[in-house]
Amino acid sequence: MIEELLYLALLIITAKLLGEITSRLKQPSLLGYVLAGVLLGPSVLAVINMTEILKFFMEIGILLLFFLVGFEEIDVPGLFSVMRRRLFLAVVFSFAAPLLIAYFFFTWLGFQHYQALAVSTVVNISSLGVVAKALLDLGRLRHPMGLEIFSAVAILEFVGLIIASIMIQMAVHADASSWELAWIPVKIAVFFVAVSILGVKVLPALLRMVRRHLKVREITFGLLFGLLLLIVYLAELSGLHGAFGALLVGMALAPLSKEVHYEIAARMHGIAHGVFIPVFFAGIGLLFDLSFIHLPALTAAGFILLVSLVRFCCASASAKALKLTAPLAFGAGMMAKGAVDLALMTSLYHLKIIPKELLSLYIFSVLSIIVAFPAILKISFRKLPPLETEDAREAVMPVYARIALSRIKAREVMRTDVAYVSSTLTVGEFLRSHLDVTRRMYFAVDPYGKLLGVVSLKKISKLPRDLWETTLLTNVIKEDFVKVYPDEDLYSVTEKIVLADTPAVPVVDPVSEKILGTISRYEIVKLLVRKPS
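Quick look at the structure, then. Keep in mind it's a predicted model, so treat the numbers as computed, not measured.

### Here we look at the overall build of the protein
The helix and strand inventory of the protein stands at 24 helices and six strands. On C-alpha atoms alone, the protein measures out to a radius of gyration of 27 Å, which is about the 24 Å that the 2.2 N^0.38 rule sets for 533 residues. Expressed as a percentage of its 533 residues, the buried residues of the protein come to 54%. For the protein, restricting intrachain contacts to residue pairs at least 6 apart in sequence, the fraction spanning at least 24 positions comes to 76%. In the form shown here, the protein has an accessible surface area of approximately 24,400 Å², with 64% of it arising from carbon and sulfur atoms. Seen as two clouds, the 50 positive and the 41 negative side-chain charges of the protein have centres 5 Å apart.

Okay, structure coming up:
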């Protein structure tokens, strides 16, 4: 037991430190996590062996990873809203063509029908997180082509995960009858509907009751985490893989209100990315060895080509055939590999669907693509043809907005030409001197410039005209208004605007409470897709 705790401590510390280093090198932190396992595992230093505690932490890690993917990356209504005909068809062909090639390759290697389909599906899943980070680092996320690539990968990840969940279940139950196999997608759909009803109808009321009546520290998070594990347990009982149960729970809870969504994400991120997810990927590193060098040269070369060049060529050809703007950039974006497919391939190994040699080769291939991907994407963005900004805005979805706006501070985009008035004015004086009152928001300030509230036209309309000249603005302002601070990120600002259902919010000094500027919905929408330079 003491030795296992030492292994766990070394793995967490090394994973987080190497994750920090890779992040500073503008690489995903999961690269550092996996390298930590490779370094400490049998391939290099051989100071850590796989133990039962590490396996348990990895199990929790994959559950949290898939829950957060479903909760934050898969926006089902948003995906349907951006499924423009050409883009969606390009994604379908970019997935189906290499899937078919991979299927024939794996059946040639001796895999059974459903096993070949399961492995082929996982090989062809792209990583939205890796694409988003690369586009952010290149300053291209808000470029119209960046938005198109982001939307395409989001669709592909969603479609791939759903198909993979079905194919893996069929591969596990390959000996079942045709009726039992046909029941698998139905079972997944029923499970998703049941969890969706729980998330939309039951969970919000439960959270409100918890906040109102229960005071134990972090009880909300504890109940949510316990509920997640309970639902995953029920998924396992019904024959679904626990990771896909967690994915469906995340997808089902994603439509919750912004406030509840933020609360769940904030608490889940701490425990997931602080401990369990780093241990999970470090554990994958422990499984890595050089056994793949003994594979036949044709098998190894074919496998590497499937993971990389075949996917690039098929995606680029699909984009060109459907006359998308930049086929090479589109193909490069589809090459992104990362957390989800790496986790799924590890599950296939644990299910004894693939051998250790193929898992190690896949880990090697994915890490290589992760390192090279930013450079490949940068090259593909050179000499892009013009893309209409207005057309690209049709592809905006909430998950894109979160990633695109999270690095921008309120002070960077606020307008300083603020429409504010002195609270000492009477209603009559205000209306005579501000004829555009129905078209602008006016903020009332005290003699020292401190923001007091927003002038309420609703309160003015209810005030008798004969009182206009004697009533001060302090009596017709809305005091329970939303305000933001200069260093808040723009996605948080957007959430506040949406929750308050207001066209704009004031930006105030955190010390003096003086108004510094305003941010409006219109300005945020303009920021989401900038004009190509």
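Back to the write-up after that little detour.
### Some details on the sheet that holds strand S1 (residues 420-422)
Spatial strand order, S1-S2-S3-S4: four strands in an open sheet with mixed pairing. Looking at strand neighbours, the two that pair on one side only are S1 and strand S4 (477-478), the edges of this open sheet. Pairing of S1 with strand S2 (residues 443-445) involves three bridges; the strand directions are parallel. Looking at S2, one finds that Val-421 is bridged to Ala-444.

### Details of the pairing of strand S6 (residues 515-520)
Along S6, five of the six residues are buried, which leaves the element largely enclosed by surrounding structure. Judged from the five bridges that link them, strand S5 (residues 504-508) and S6 form a sheet pairing that is antiparallel. Opposite Pro-506, over in S6, you have Thr-518 as the bridge partner. The antiparallel pairing of S5 with S6 creates a hairpin that spans six residues between the two strands, and Glu-513 there sits at a positive phi of about 65°.

### Some thoughts on the environment of Val-69
Relative to the assigned elements, Val-69 resides in helix H3 (residues 52-73). The exposure class assigned to Val-69 is buried, which follows from its relative accessible area of 4%. For Val-69 and Leu-247, which are 178 residues apart along the polypeptide, the C-alpha to C-alpha distance reads 6.7 Å.

### Digging into helix H15 (residues 327-334)
Most of H15 sits inside the fold, with six of its eight residues counted as buried. Of the positions making up H15, those classed as buried are Ala-329, Phe-330, Gly-331, Ala-332, Gly-333 and Met-334. At its buried positions, H15 is contacted by helix H5 (85-108), helix H7 (128-137), helix H8 (144-172), helix H14 (309-321) and helix H17 (356-380).

### Some words on the packing of helix H1 (residues 2-24) against H3
Orientation of H1 relative to H3, taken along the N-to-C sense of each, is 45°, at an axis distance of 9 Å. Between H1 and H3, the angle falls in the class oblique. When H1 is examined against H3, the residues Glu-4, Tyr-7, Leu-8 and Leu-11 are found in contact with a partner set consisting of Glu-52, Ile-53, Leu-54 and Phe-57. Class assignment of the residues belonging to the contact of H1 with H3 gives a composition of six nonpolar, no polar and two charged.

### Digging into empty space enclosed by the protein
Taken as a whole, this structure holds three cavities of 30 Å³ or more when the rule is applied. A volume near 50 Å³ is recorded for the largest cavity. Every residue along the wall of the largest cavity is listed here: Phe-67, Leu-224, Leu-227, Leu-228, Ile-231, Val-249, Leu-253, Ile-264 and Met-268. Those elements that place two or more of their residues in the lining of the largest cavity are helix H10 (219-237), helix H11 (242-253) and helix H12 (258-287). The residue makeup of the lining of the largest cavity, split by class, is nine nonpolar, no polar and no charged.

### Some remarks on a nonpolar patch on the surface
Together, Leu-39, Val-44, Leu-45 and Val-47 make up a nonpolar patch on the protein surface, roughly 310 Å² of accessible area in all. Position of Leu-45 relative to the elements: it lies in the loop between helix H2 (29-40) and H3.

### Quick notes on the pattern of salt bridges
By the definition in use, this model includes nine salt bridges. Between Glu-20 and Arg-24 there is a salt bridge, with the nearest N and O atoms lying 2.8 Å from each other. Linking Glu-20 with Arg-24, this pair stays in helix H1, spanning four residues, or about one helical turn. Classification of Arg-24 as exposed rests on a relative accessible area of 67%. Close ionic contact of Glu-52 with Lys-55 constitutes a salt bridge, the shortest N to O distance being 3.7 Å. Taken as a pair, Glu-52 and Lys-55 lie in helix H3 at a separation of three residues, close to a single helical turn.

### Some points on the state of the cysteines
Two cysteines form a disulfide when their sulfur atoms are joined by a covalent bond. The full count for this structure, using the stated rule, is zero disulfides. The closest cysteine sulfur to the non-disulfide-bonded Cys-313 is located on Cys-314, 6.9 Å from its own sulfur. Relative accessible area serves as the criterion here: at 42%, Cys-313 is assigned to the partly exposed category.

### Regarding unusual backbone geometry
Phi is positive for Ala-46, which is not a glycine, with a value near 55°. Backbone geometry places Glu-513, a non-glycine residue, at a positive phi of 65°. If you trace the backbone, Glu-513 turns up in the loop between S5 and S6.

### Some words on the packing of aromatic side chains
One pass over the structure, following the stated rule, counts 15 aromatic pairs. Here Phe-105 and Phe-106 contribute two aromatic rings whose centre-to-centre distance is 5.3 Å and whose plane-to-plane angle is 75°, an arrangement assigned as edge-to-face. With a centroid separation of 5.5 Å and 80° between ring planes, the pair formed by Phe-430 and Tyr-442 is classed as edge-to-face. Of this pair, Phe-430 sits in helix H21 (residues 427-433) while Tyr-442 is found in the loop between H21 and S2, placing the two residues twelve residues apart along the sequence. Across the pair, Tyr-442 and Phe-430 agree in class, each one buried. Linked through ring pairs, Phe-105, Phe-106, Trp-108, Phe-111, Phe-303 and Tyr-362 together constitute an aromatic cluster.

What counts, and where the lines are drawn
- Residues numbered from 1 in each chain as written.
- Predicted model: local features only at pLDDT ≥ 70, side-chain atom pairs only at ≥ 80, totals over all residues.
- Heavy atoms only, no water.
- Helix = DSSP H or I, 4+ residues; strand = E, 2+ residues; numbered from the N terminus.
- Rg over C-alpha atoms; globule rule 2.2 N^0.38 Å.
- Buried < 20%, exposed > 50% of the residue type's maximum accessible area, 1.4 Å probe, protein only.
- Contact = heavy atoms within 4.5 Å.
- Areas by Shrake-Rupley, 256 points an atom, 1.4 Å probe, with all protein chains shown as cover.
- Lys, Arg positive; Asp, Glu negative; His and termini not counted.
- Charge placed at Lys NZ, Arg CZ, Asp CG, Glu CD.
- Pairing = 2+ DSSP bridges.
- Axes fitted to C-alpha atoms, helices over the stretch in contact; angles between N-to-C directions.
- Parallel < 35°, antiparallel > 145°, perpendicular 65-115°, else oblique.
- Nonpolar A, V, L, I, M, F, W, Y, C, P; charged D, E, K, R; others polar.
- 1 Å grid on protein atoms, 1.4 Å probe; cavity = no way out; pocket = protein on both sides within 12 Å on 5 of 7 lines; lining within 4 Å.
- Points joined across faces, edges and corners; volume = space filled by probe spheres on them.
- Patch = residues over 30% accessible without salt bridge, like charges linked within 9 Å, V, L, I, M, F, W, Y side chains within 5 Å.
- Salt bridge = Lys/Arg side-chain N within 4 Å of Asp/Glu carboxyl O.
- Disulfide = S-S within 2.5 Å.
- Phe/Tyr/Trp six-rings, centres within 6.5 Å; stacked < 30°, edge-to-face > 60°.

Just geometry here; none of it tells us what the structure is for.
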